[in-house]
Amino acid sequence: VPAKPQNFLRGIIERDLAAGTYAGRHWAGTPGDAAHQAAGAPDPARIRTRFPPEPNGYLHVGHAKSICLNFGLARDYGGICHLRFDDTNPEKEEQEYVDAIKAAVQWLGFDWKAQGTSHLFFASDYFDFMYRAAEALIGAGLAYVDEQTPEQMRATRGDFNTPGTDSPFRARTPEQNLARFREMRDGLHADGAMVLRSKIDMASPNINLRDPALYRIKRATHHNTGDRWCIYPMYSYAHPIEDALENISHSICTLEFEDQRPFYDWVLDRLCELGLLAQPRPHQYEFGRLNLTYVITSKRKLKQLVDEKHVAGWDDPRMPTIAGLRRRGYTPEAIQLFCERIGVAKDYSWIDYSTLDGALRDDLEGKAPRAMAVLEPLKLILTNWKEVFGSEAHLEPCSAPAHPQRPELGTRDFSLGPELWIEQDDFKEVPLKGYHRLSPPRFGDDGAKVEGTLVRLKYGYVVQCTGVKKNFAGEVEAVYAKLIPDTKSGTPGADAVKTKGVITWVGVHDALPAEVRLYDRLFTEAQPDAGGRDFLSVLNPASKKVVTGYVEPSLASAKPDDKFQFERHGYFVADAKDHAPGAIVLNKITGLKDGWAK
Ligand code: ATP
Ligand code: MG
Ligand code: MG
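Starting from 1, residues in each chain are numbered consecutively following that chain's sequence as written. Chains and ligands are labelled by the order in which they are written, letters from A for the one and numbers from 1 for the other. With the structure being a predicted model, the display of local features is reserved for residues of pLDDT at least 70 and the display and counting of side-chain atom pairs for 80 or more, all residues being used for whole-chain, interface and lining totals.

Within an unreviewed UniProt entry, the label attached to the protein reads Glutamine--tRNA ligase, and the organism entered is Rivibacter subsaxonicus. UniProt positions are given in the numbering used here, feature names are shortened, and annotations may be inferred rather than shown by experiment. What UniProt states about the protein under its Catalytic activity (unreviewed entry) heading is, verbatim, "tRNA(Gln) + L-glutamine + ATP = L-glutaminyl-tRNA(Gln) + AMP + diphosphate". As recorded by UniProt, the Subunit (unreviewed entry) comment attached to the protein reads in full: "Monomer."

As structure tokens, then:
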């Protein structure tokens, strides 16, 4: 077992492995009942975990935590992790989501094909077994059909202080219940007219054990089973069965399900006693869900952002979906690193967004080629070009390493010419104290003449600012400077002229125009949906800004999804959908430094 940060789940798994808790299992290859489980070969997996999304939306960064956890545990302990679509709720589920979820899991770097077999499952494939198990529970007097209205059921459930009261239908015989349940299945009753309930204890201190429902009537077409069923199992009944049929050993879920665990155990223990499932059965363990500042992790709310067009789709680069993070330029490695760093614990806490950004920077720092880009262009005119180089048409070749620590990546070539693009910010007509970039000659407060500043053009020459060109409205149109000969970077004596400022630039003659999308947080509040607040009321109106900038010629060969570090600006990615050679479109991933900490 590789050295990984220890957490309570690893402790549980290591204890179970040492005790041989799951050593006696069999695996028939296809999920099946107790007979299948007994007939199969010894299970080749030492543990089995599962990631069980409901295909009712795209996965988000919270799901990434669960994916990294479940697939990571299986990888580290010689186990297998299943991808299971928890598709027992016919109305909200769609094939588009199934496909998107598969793509997200694979992109994150995980694979449900392990040890030569695919471990991709659909809960709806177990509807027959779930139905048979329900009939068995009815036969054993452990379930009954309740014809109370939903309101009556709610009213008789009691609350934390008051025990519930028995339904008048609770005393029916197994035969009566079985007949009624089959009528439900055969479509003889209206949606909502009755439910099948477990028969546990209406006075239990745990409200989740007060005869929770097992089946409801719902006429809805299911993406997998079509119109075959008009009754569907409830999540809390279906989930433990899904786990057991798939030989899951450690069923890991978020803390909200802690109160459901006794019912999870009840379902599995009763079905083992009835001979439908085999021991050793799965056990549920809970961890704290991921809450990330400035982010919403609820599929329902993310769907609302998409449906109401507050964003451009599930993969809008501002979305915390895996598809959105991917398009924004986050890498699978960065997300995995993030999940490792935040760890898992049994508590409810908020993680600062800067933790995710930090992981991205740590991943891309060593990978992303460097480049120069100018995002808010201002023209710099070198007035003595012809004097120095003999011709206005001369271009002075420059080069820079693709990555300062990785010489094997080679160099980028570009050239200096008489006209350059620089950042508007790199010029101030009247500089504040401590400003070391371009400013023209002027008279100081004491009336004395102050020279124009000396600045190094990175990888190029030192220039001295000589003046400014303005239009009739007084707006700056261009900056004038003269080039200081014999100061070219990398040549002997280049440092003879000292400068306090270094600026980045691109040549007007060889720079490529680029659409650059600058993204900011989607919400203005760190906990957008806290305390029942309408998260739409705190949408950041300035979450997307589009500028036209210029990038150095090395980006001519950029392909969609290529990532760069623009010197002084941060990390950028060529947009996966809109970028094409000849039409550069870039998304800003994040800055060079943490811009999230307040
Ligand atoms: P949502 O409320 O966004 O719809 P969900 O939990 O209902 O999320 P599922 O598709 O059922 O969505 O989730 C699949 C798995 O992902 C579950 O095991 C769930 O525990 C886990 N998961 C969902 N959200 C988070 C989160 N924020 N942090 C960690 N795990 C999560
Ligand atoms: Mg769910
Ligand atoms: Mg949910």
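Within the protein, the regular secondary structure consists of 14 helices and 33 strands. Taken over C-alpha atoms, the radius of gyration is set against a globule rule of 2.2 Å times the number of residues to the power 0.38. Here the C-alpha radius of gyration of the protein, 32 Å, is well above what a compact globule of 598 residues would show, namely 25 Å. Principal-axis analysis of the C-alpha atoms places the extent of the protein at approximately 105 × 50 × 40 Å. Within the protein, contacts between residues at least 6 apart in sequence are counted, and of these 69% link residues at least 24 apart. A run of DSSP states H or I qualifies as a helix once it reaches four residues; a run of E qualifies as a strand once it reaches two. Both are numbered from the N-terminal end. We call two residues in contact whenever the C-beta atoms placed from their backbones are within 7 Å.

We count a residue as near a molecule or strand when its backbone-placed C-beta atom lies within 6 Å of that partner. Inspection of the region around ligand 1 gives 16 residues, with Pro53, Gly62, Arg289, Leu290 and Lys299 positioned closest. Secondary structure elements with two or more residues in the shell around ligand 1: α3 (61-76), β12 (250-254) and α10 (299-307). Here the element with the most residues in the shell around ligand 1 is α3; it accounts for 4 residues. Polar here means any residue other than Ala, Val, Leu, Ile, Met, Phe, Trp, Tyr, Cys and Pro, which are nonpolar, and Asp, Glu, Lys and Arg, which are charged; Gly is therefore polar. Looking at the shell around ligand 1 residue by residue, the class counts come to 4 nonpolar, 6 polar and 6 charged. Each of domain 1 (8-127 + 236-290) and domain 3 (291-372 + 510-598) contributes no fewer than three residues to the shell around ligand 1. Boundaries of every domain are those given by an automatic assignment or by a domain database.

Let us now look at the sheet that holds strand β16 (residues 370-371). With mixed pairing, the 7 strands of this open sheet are ordered in space as β16-β31-β32-β33-β29-β30-β17. Of all the strands in the sheet, the pair left with one neighbour each is β16 and β17 (373-374). The pairing of strand β29 (residues 512-519) with strand β30 (residues 544-551) spans 8 bridges and is classified as antiparallel. Within β30, the position partnered with Ala514 by the bridge is Gly549. Helix-sheet contacts for helix α13 (residues 353-365) involve β31 (563-566), β32 (570-574) and β33 (584-590), and the interaxial angle to β33 is about 120 degrees. Paired strands, in this sense, are two strands between which DSSP finds at least two bridges. To get an axis, a line is fitted to the C-alpha atoms, and for a helix only the part in contact is used. The angle between two axes follows their N-to-C directions and goes from 0 to 180 degrees.

Now for the sheet that holds strand β9 (residues 195-198). Ordered by their spatial adjacency, 4 strands build an open sheet running β8-β9-β10-β11, and the pairing between neighbours is antiparallel. Both outer strands of the open sheet, β8 (143-146) and β11 (231-233), are each paired with one neighbouring strand and no more. Neighbour-to-neighbour, the strand axes of the sheet open up by a mean angle of 20 degrees, direction not taken into account. Pairing between β9 and strand β10 (residues 213-217): 3 bridges, direction antiparallel. Opposite Leu196, over in β10, you have Tyr215 as the bridge partner. Strands in contact with helix α7 (residues 174-185) are β8, β9, β10 and β11; relative to β8, the strand with the most contacts, it is inclined by about 60 degrees.

Per the UniProt record, "domain: tRNA synthetases class I (E and Q) anti-codon binding" (unreviewed entry) is annotated on residues 502-575. Along residues 502-575, the helical share is 0% and the strand share 39%, with 30 Å between the first and last C-alpha atoms.

With that settled, consider α10. Exposure classification rests on a simple neighbour count of other C-beta atoms within 10 Å of a residue's own: a residue reaching 20 or more is buried, one at 12 or fewer is exposed, and one in between is partly exposed. C-beta atoms are placed from the backbone. Within the span of α10, buried status applies to Lys299, Leu302 and Leu305. Buried residues of α10 fall within an arc of 115 degrees about the axis and therefore sit on the same side. For α10, the exposed residues lying more than 90 degrees away from the buried face are Arg300 and Asp307. Once α10 ends, the next one or two residues include Lys309, with phi positive near 60 degrees. Directions are taken from the helix axis to each C-beta atom, and the arc is the one they span.

We now examine the UniProt feature "domain: Glutamyl/glutaminyl-tRNA synthetase class Ib catalytic" (unreviewed entry) in the protein. UniProt records the feature "domain: Glutamyl/glutaminyl-tRNA synthetase class Ib catalytic" (unreviewed entry) for residues 47-348 in the present numbering. As annotated, residues 47-348 has a helix share of 37% and a strand share of 15%, and its two end C-alpha atoms lie 27 Å apart.

We now examine the domain arrangement of the protein. How big an interface is tends to be stated in terms of accessible area lost as the parts join. Segmenting the protein into domains produces domain 1 (8-127 + 236-290), domain 2 (142-233), domain 3 (291-372 + 510-598) and domain 4 (376-504). Computed over C-alpha atoms only, the centres of domain 3 and domain 4 are separated by 32 Å. On the side of domain 4, 11 residues touch domain 3, which itself brings 14 residues to the contact. Elements represented by at least two residues in the side of domain 3 that touches domain 4 include exactly β16 and β30. Here the side of domain 3 that touches domain 4 gets 3 residues from one element, more than from any other, and that element is β30. Partitioning the side of domain 3 that touches domain 4 into residue classes produces 7 nonpolar, 2 polar and 5 charged.

Attention now goes to the packing of helix α5 (residues 127-139) against helix α8 (residues 235-245). Put simply, α5 and α8 touch, their axes get as near as 11 Å, and they point 115 degrees apart. With respect to their mutual orientation, α5 and α8 come out roughly perpendicular. Between α5 and α8 lies a crossing of right-handed hand. Residues Phe129, Met130 and Ala133 of α5 form the contact with α8, whose participating residues are Ala238, Ile241 and Leu245. Counted by class, the contact of α5 with α8 contains 6 nonpolar, no polar and no charged residues. Roughly parallel covers angles under 35 degrees, roughly antiparallel covers those over 145, roughly perpendicular covers 65 to 115, and oblique covers all other angles. Two helices that cross are described as forming a left-handed crossing if the nearer one is turned anticlockwise from the farther one by less than a right angle, and a right-handed crossing if clockwise.

Here the focus is the nonpolar core. When buried Ala, Val, Leu, Ile, Met, Phe, Trp, Tyr and Cys residues are joined through C-beta atoms within 7 Å, the set is termed a nonpolar core. Grouped together as the largest cluster of nonpolar side chains are 103 residues, with contacts concentrated most on Ala373, Trp505, Val506 and Val551. No other element matches the 8 residues that α3 contributes to this core. In this structure, Val551 is in contact with Ala371, Ala373, Val506, Ala511, Leu512, Ala514 and Ile584, ignoring residues within four places of it in sequence. Ranked by size, the runner-up nonpolar core spans 40 residues in total, among them Tyr144, Met194, Ile241 and Leu271.

A word on the pairing of β12. For a regular strand, side-chain orientation follows a simple rule: the groups alternate between the two sheet faces. Relative to strand β13 (residues 283-287), β12 is paired through 5 bridges, and the arrangement is parallel. Of the residues in β13, the one forming a bridge with His250 is His283. Handedness of the crossover joining β12 and β13 through helix α9 (residues 261-273) is recorded here as right-handed. Clockwise travel from the first strand over the helix to the second, with the strands pointing away from the viewer, marks a crossover as right-handed.

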